[in-house]
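# Per-entry structural report
Each chain is listed here by its residues.
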Amino acid sequence: MRVALVDPLAYTPPYDHSLAAALAERGHAVTLLTSRFPHGEAPAPAGYDREELFAPLSTRFFRRSWARLAVKGLEYAPSVTRLTRRIARLDPDVVHVQWLPRPELDLRWLRRIADERPVVLTAHDVLPRRAKARAVWPEVLETAERVVVHSLRAVEQLVELGLGRERIARILHPVFEGEELPPPGGRTLLFFGLIRDYKGLDVLLSALPDIRDARLVVAGDPLDPVEPVDLDGRVEWRLRFLPHDEVKELMARAAAVVLPYRQLDSSGVLATAIGYRRPVVVTDVGSLGEIVREFGVGEVVPPGDPRALAEATTRLLEPQALAAAHEGADRAASALTWERSAEEHDRLYREVRR
């Protein structure tokens, strides 16, 4: 089949790349329609085509300023025009939308596309965080013939919104396979990835003094303001985008990766940590707790609870617990493959093909 994957502002290049490559491996003609990734180099296409249609100026020449936002706003309409015209020329059998940056605006072009060909939507964020986006979200969901989510909890949330269960497909987030590392040990914790308020770094910093002899590395690009604290020399800060080699180095040092998120459905950080066979402590939000419990990858705690986070992390740092979670990560990595995900997407596309 001809498949158009759409991630207008390149929110998740590693996910887009891995899915596109796995679908191409199954024989599909895949085109990823996206923008330049503003935080670093995107993976090179492997068996598929990538076209950067959206926001050509704001993703290249501006860096987190009012000017970037203004230019991005001016670029929106021309970008949508390029997208819809390109999809018409490609004439795909299915259009698979990964992200909608502005659902209240994107709904218009999504409907135009859905009138002519089947649309599949992956709800990486089951419910948008912005009020305007939440207001139109039921209409967005109804426009798609199928909605992909990554957790059982997300399925129930969409059913509560009124979407028919038969139109929802749960496809687990695959693992980003990392390089082989020595088994985890020591007492170094890692918090990494794009830093946003909802990821609960403040909760982890509150918990750290109660985790005996633990050190914390905070590494990632801060999209929301963050104030580095020292905590008696126990915190190392790397506030920038992390290239692949640096991620590998940090994973090699880490005994465990901590994800104290307040909300989220799925996490590329979790998929990366499991790929490197690192134990994790996660909050019970979205698919995070489901995956960690199913495969025994670490500890699960309630969101927003520093004491529970400290106690769970202390348990996990015991050598026997680390070894067990390391084995669980290995099981998860063997099960949550991109080949399996592509097979499930393939089946879904065939269901909606007109």
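Attention in this report is confined to the structure presented alongside it. Note that the structure is predicted; figures quoted are calculated from it, not measured.

To find the voids left in a structure, one rolls a probe of water-molecule size over its atoms. Counting across every chain of the model gives 3 cavities of 30 Å³ or more. Roughly 80 Å³ of internal volume is contained in the largest cavity. Lining the largest cavity are 14 residues, with Pro13, Leu32, Thr34, Ala42 and Arg50 positioned closest to its centre. Of all the elements in the fold, those that place two or more residues in the lining of the largest cavity are helix 1 (13–25), strand 2 (29–35) and strand 3 (49–54). Looking at the lining of the largest cavity residue by residue, the classes come out as 7 nonpolar, 3 polar and 4 charged.

A word on the sheet that holds strand 13 (residues 298–301). Spatially, 10-9-8-11-12-13 is the arrangement adopted by the 6 strands of the open sheet, whose pairing is parallel. The sheet is open, and its two borders are formed by strand 10 (235–238) and strand 13, each paired with just one other strand. With direction set aside, neighbouring strand axes in the sheet form an average angle of 20°. Along the sheet face, helix 9 (residues 268–275) touches strand 8 (188–192), strand 11 (256–259) and strand 12 (280–283) and points at about 170° away from the line of strand 11. Its contacts with the sheet put helix 10 (residues 288–295) on strand 11, strand 12 and strand 13, and the angle it makes with strand 12 is roughly 140°.

Take the sheet that holds strand 1 (residues 2–7) next. Ordered in space as 3-2-1-4-5-6-7, the 7 strands form an open sheet in which the pairing is parallel. On the outer flanks of this sheet lie strand 3 and strand 7 (168–170), each paired with one strand and no other. Adjacent strand axes in the sheet meet at a mean angle of 25°, parallel and antiparallel pairs treated alike. Relative to strand 3, strand 2 runs parallel, the two sharing 5 bridges. Bridging across to strand 3, Ser35 finds its partner in Phe54. In this fold helix 6 (residues 152–160) packs onto strand 6 (146–149) and strand 7, with an angle of close to 170° to the strand it touches most, strand 7.

When helix 6 is considered as a whole, its buried residues turn out to be Ala154, Val155 and Leu158. Buried residues of helix 6, seen end-on, are gathered within an arc of 105° and therefore sit on one face of the element. In helix 6, those exposed residues whose orientation departs by more than 90 degrees from the buried face are Leu152 and Glu160. Packing partners of the buried residues in helix 6 comprise helix 5 (131–143), strand 6 and strand 7.

All right, on to the side chain of Arg146 then. Along the chain, Arg146 falls in strand 6. With relative accessibility at 18%, the residue Arg146 sits in the buried group. With residues up to four places along the chain from it excluded, the contact list for Arg146 reads Val119, Val120, Leu121, Glu166, Arg167, Leu348, Glu351 and Val352.

Here we take up the layout of surface pockets. One number sums up the size of the second largest pocket: a volume of about 240 Å³. What lines the second largest pocket is a set of 13 residues, and nearest its centre among them are Leu127, Gln157, Gln263, Leu264 and Asp265. Of the residues contributing to the lining of the second largest pocket, the split by class is 5 nonpolar, 4 polar and 4 charged.

A few words now on the environment of Pro303. Relative to the helices and strands, Pro303 is located in the loop between strand 13 and helix 11 (306–316). The sequence separation of Pro303 and Pro260 amounts to 43 residues, and the corresponding C-alpha distance is 6.5 Å.

With that out of the way, let us pick up the pairing of strand 1. Buried residues dominate strand 1, accounting for 5 of its 6 residues. Taken together, the 6 bridges between strand 1 and strand 2 define a ladder with parallel strand orientation. Considered in strand 2, the bridge of Leu5 is made with Leu32. On the question of chirality, the crossover connecting strand 1 to the parallel strand 2 by way of helix 1 is right-handed. Bridge count for strand 1 against strand 4 (residues 94–97) is 4 bridges, and the pairing is parallel. Looking at the pairing, Ala4 lines up with Val95 of strand 4.

With that settled, the discussion passes to the packing of aromatic side chains. A full pass over the atoms with the stated rule returns 5 aromatic pairs. Measuring from centroid to centroid gives 5.1 Å for Tyr15 and Trp338, while their planes differ by 75°, and the two rings are edge-to-face. Remark: Trp338 occurs in helix 13 (residues 338–352) and Tyr15 occurs in helix 1; sequence separation between them is 323 residues. In this structure, Tyr15 and Trp338 share a single accessibility class: buried. Taken together, a centroid distance of 5.8 Å and an interplanar angle of 70° make the contact between Phe37 and Phe241 edge-to-face. Note that Phe37 is positioned in the loop between strand 2 and strand 3 and Phe241 in the loop between strand 10 and helix 8 (244–253), a separation of 204 residues in sequence. A relative accessible area of 10% places Phe37 in the buried class. Ring pairs connect the aromatic residues Tyr15, Phe176 and Trp338, which therefore count as one cluster. Over the aromatic face of Tyr198 sits the side chain of Arg129, whose NZ or CZ is 4.1 Å from the ring centroid.

Cut-offs used in this document
- Residues numbered from 1 in each chain as written.
- Predicted model: local features only at pLDDT ≥ 70, side-chain atom pairs only at ≥ 80, totals over all residues.
- Heavy atoms only, no water.
- 1 Å grid on protein atoms, 1.4 Å probe; cavity = no way out; pocket = protein on both sides within 12 Å on 5 of 7 lines; lining within 4 Å.
- Points joined across faces, edges and corners; volume = space filled by probe spheres on them.
- Helix = DSSP H or I, 4+ residues; strand = E, 2+ residues; numbered from the N terminus.
- Nonpolar A, V, L, I, M, F, W, Y, C, P; charged D, E, K, R; others polar.
- Pairing = 2+ DSSP bridges.
- Axes fitted to C-alpha atoms, helices over the stretch in contact; angles between N-to-C directions.
- Contact = heavy atoms within 4.5 Å.
- Buried < 20%, exposed > 50% of the residue type's maximum accessible area, 1.4 Å probe, protein only.
- Arc of directions from axis to C-beta.
- Right-handed = clockwise from strand over helix to strand, strands pointing away.
- Phe/Tyr/Trp six-rings, centres within 6.5 Å; stacked < 30°, edge-to-face > 60°.
- Lys NZ or Arg CZ within 6 Å of the ring centre and 35° of its normal.

That's the geometry; what it means functionally is another story.
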